[in-house]
Amino acid sequence: GKKMYHMEQAAIGGHPLARCNLAYHEGINGRHERGVGHWIIAAELGCDHSIKALVEKFKEGFVSKEELAAALRAHQAAVDATKSPQRE
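Residues numbered from 1 in each chain as written. Predicted model: local features only at pLDDT ≥ 70, side-chain atom pairs only at ≥ 80, totals over all residues. Heavy atoms only, no water.

K.L.:
For this particular structure, what's the right way to read the nonpolar core?
P.N.:
Side chains of nonpolar character tend, in soluble globular proteins, to be buried together. In this structure, Val36, Trp39, Ala43, Leu54 and Val63 are the most contacted members of the largest nonpolar core, which totals 14 residues. Those elements that provide at least two residues to this core are helix H2 (16–28), helix H3 (32–44), helix H4 (48–59) and helix H5 (65–82). At 5 residues, H3 tops the list of elements feeding residues into this core. Sequence-distant contacts of valine 36, defined by excluding residues within four places in its chain, comprise Leu54, Lys57, Phe62 and Val63. (Core = buried A, V, L, I, M, F, W, Y, C linked by side-chain atoms within 4.5 Å. Buried < 20%, exposed > 50% of the residue type's maximum accessible area, 1.4 Å probe, protein only. Helix = DSSP H or I, 4+ residues; strand = E, 2+ residues; numbered from the N terminus. Contact = heavy atoms within 4.5 Å.)

K.L.:
Got a minute to help me understand the pattern of salt bridges in this structure?
P.N.:
Where side chains of opposite charge bring their charged atoms close, a pairing between them can arise. Inspection of every chain in the model, using the stated rule, returns 4 salt bridges. In this structure, arginine 34 and glutamate 26 form a salt bridge, with 3.4 Å as the shortest nitrogen-oxygen distance. Here glutamate 60 and lysine 57 are joined by a salt bridge, their closest N and O atoms 3.1 Å apart. Connected through shared salt-bridge partners, Glu26, Arg31 and Arg34 make up one network. (Salt bridge = Lys/Arg side-chain N within 4 Å of Asp/Glu carboxyl O.)

K.L.:
I would appreciate a short explanation of the packing of H3 against H4 in the present structure.
P.N.:
When two helices pack together, their arrangement is given by the angle between their axes and by how far apart the axes lie. Interhelical geometry of H3 versus H4 gives an angle of 140° and a closest axis separation of 8 Å. The orientation of H3 with respect to H4, classified from their angle, is oblique. As for how H3 packs across H4, the hand of that crossing is left-handed. The segment H3 lies against H4, with His32, Val36, Trp39, Ile40, Ala42 and Ala43 engaging Ser50, Ile51, Ala53, Leu54 and Lys57. Here the residues of the contact of H3 with H4 are counted per class, giving 8 nonpolar, 2 polar and 1 charged. (Axes fitted to C-alpha atoms, helices over the stretch in contact; angles between N-to-C directions. Parallel < 35°, antiparallel > 145°, perpendicular 65-115°, else oblique. Left-handed = near helix turned anticlockwise from the far one by under 90°. Nonpolar A, V, L, I, M, F, W, Y, C, P; charged D, E, K, R; others polar.)

K.L.:
Just to check I follow, could you spell out the environment of leucine 72 for this structure?
P.N.:
One can find leucine 72 in helix H5. Looking at leucine 72, the relative accessible area reads 39%, which means it is partly exposed. The spacing of leucine 72 and aspartate 48 is 24 residues in sequence and 9.9 Å in space, taken between C-alpha atoms.

Here is the structure:
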């Protein structure tokens, strides 16, 4: 419906939490691989919720150790990139 359309548009536009929410809905609908893909992208954008979800999906067997490790590295790089010397 309209809600999903707008969530998809926000995700495409780079909104990490929208992508995380989209992943959650994919998982509810049994599309775990699609959901994991969305969570990986959201993690690469610095979304903490996505990392937690990926850890859970790893425990459930939907995410490989390598995928989780890559997502964690990308997430950390995104978080580091948002830190400015003025804030520290």
